Amino acid sequence: MRECLDEAILQSYFDGELSGKHLEGVTSHLATCNTCAVTAREIEAENGLLAAAFAPEFETAVPTEQLRRRIDAAIAGLQTQGLPVNESSASTVRAWLQSLVAPLSFGPQRAFGYAGLVLVLGFAAILGITQWRTAGPVVDQVASTDDVSRPTKGFLGGTTAPVDVQTVTPDAQPVGTLPVSAPSPRNAVAKRRTTNSATHSSGSVANKASSQPDEKVKLLPGERSYLQTIAKLDSTINASDRPMRPALQAEYQRNLALVDRALAATRDAAKKNPNDPDAAEFMMAAYQNKVNLLNTVAEARTFNRQQD
Amino acid sequence: MTGQARALTEPMAKEMATAATALSFDEAFTLHHRAVFRTARSVVRDSALAEDVTQEVFLRLYRNLDATPGEDLLRAWLLRVTLNVARNTLRGQSRSMARDNEYQKETMQDWFAPAPEEDYERRVAIEGARRALEKIKEPMRSCLLLKQQGLSYKEIAVTLSLKETNVGSLVARGRKEFARVYGKIGGSR
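Read on for a plain summary of the structure. (Residues numbered from 1 in each chain as written. Chains lettered and ligands numbered in written order. Predicted model: local features only at pLDDT ≥ 70, side-chain atom pairs only at ≥ 80, totals over all residues.)

Relative orientation and spacing of two packed helices are given, respectively, by the angle between their axes and the distance between those axes. In the contact formed by helix α4 (residues 64-80) of chain A and helix α3 (residues 47-63) of chain B, the axes pass within 10 Å of each other and the chain directions differ by 50°. Comparing the axis directions of α4(A) and α3(B) gives the class oblique. Note that α4(A) runs across α3(B); the crossing there is right-handed. Across from A:Gln66, A:Leu67, A:Arg70, A:Ile71, A:Ala74 and A:Ile75 in α4(A), the residues of α3(B) making contact are B:Glu51, B:Thr54, B:Gln55, B:Phe58, B:Leu59 and B:Tyr62. (Axes fitted to C-alpha atoms, helices over the stretch in contact; angles between N-to-C directions. Helix = DSSP H or I, 4+ residues; strand = E, 2+ residues; numbered from the N terminus. Parallel < 35°, antiparallel > 145°, perpendicular 65-115°, else oblique. Left-handed = near helix turned anticlockwise from the far one by under 90°. Contact = placed C-beta atoms within 7 Å.)

Shown next as structure tokens:
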């Protein structure tokens, strides 16, 4: 085999889809052809990347028992309805038992109903608690930030300014003077200051914020509101007289590092490819992850403080 | 949802019916429910909906047990039905509704379960892979997904109604594209 191998053949080779003469031919060609050997190594590396990327998803548990129960109940339902079925292996006793269980099982519609009820009750409970324990106005601030900071419609436009500037409390600290224990937002701001690659809409609500002193800075579209939210949450998290619980602190720092790493990577990509909507979307998603994380921690802190 | 999906699956069931070594329903469930559930979840991106889809798929198997293919292609048959049902499920919901639900669910998770560190890392990793996969065009995307689940080219071809000889090049193109997009998320680590 003198001709170089095309990628499909090499892919099949690595996927174990070749056999016989074909397999031998590829093996011997790879032993002698440097170009193909290089390509083969690339494919191997990318296959490894794919496997690693999908591993967490595939390792996530599958609810085997619950599925089995649901399906048994549904089959029992079919049988009691007298619909034609091709299998008669399920014994009548089992079917009868299943028919007893069926009303207790969660059909899709019922599950949605219950889920809705739980959601409503959950929100009501949280609202109730926050109203009842008015120990700190911070709670309201965090809650309202949480409400408005999650854009529910596309990340790309940047027009759904995720933060309502009106909710910034007067004593919220400006970005530049944030306490030291959470360095990341300032890193993000510092990076932002060095970039000139994109424009921002000058008429946007976000310009009102006094926490962005450097007006020469060019942000990537849609970034500003995220940065504001992050700065605000960050000051909420740090605006406490007592230190964070060590366990929470450690977990927070680790997760923050993770999120910041992703943020830096996506931001680089978005900067390099200003016209690539994917890159912009990935960056916004990374910002959203950070906001979610900060929200969770702010909430945990506020809650702990109230419990003390 | 059912009419269209059945129209798609039934001819295939007949054409592949090789009554040879048919599995019992219980065996089929034990062997393949994970692949069905995971494939469904990768399309609908929600565990509860994926359970609904899985239930529907196995009910169809139950109803068509005589007409389903033998052991060697049963998984392909199941996953083909899975993809149909899952896509119809998605179509059945208005997109904004789905997004709102997802948003609310995420919110509630954040409220109630500050997950331990591994869970958080895992969630971020899963989300990154999903985002990258979303950017890959069909049928490359499904090829990649099924390949990662361990399906052979023949099974992939049957599941997606492709020529088996084309699967290798589709997997190769999908793999390249995934590596490129995943790199933008910083997933090359």
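Contacts between the two partners involve 54 residues from chain A and, on the opposite side, 55 residues from chain B. Breaking the side of chain A that touches chain B down by element, the ones donating at least two residues are α1 (7-14), α3 (34-59), α4, α6 (108-132), α10 (246-272) and α11 (277-307) of chain A. Across the side of chain A that touches chain B, the residue classes tally to 27 nonpolar, 14 polar and 13 charged. (Nonpolar A, V, L, I, M, F, W, Y, C, P; charged D, E, K, R; others polar.)

Attention shifts here to unusual backbone geometry. All names here are of chain B. In this structure, Pro 139 follows Glu 138 across a cis peptide bond, with omega equal to 0°. Checked against the element boundaries, Pro 139 lands in the loop between α6 (117-134) and α7 (140-148). Backbone geometry at Arg 45 places phi at a positive 55°, although glycine is not the residue there. By the secondary structure assignment, Arg 45 is in the loop between α2 (25-44) and α3. Residue Arg 45 is classed as partly exposed on the basis of its C-beta count, with 17 C-beta atoms lying within 10 Å. Even without glycine at this site, Ser 161 takes up a positive phi of about 55°. Relative to the assigned elements, Ser 161 resides in the loop between α8 (153-160) and α9 (164-184). (Buried ≥ 20, exposed ≤ 12 C-beta atoms within 10 Å, placed from the backbone.)

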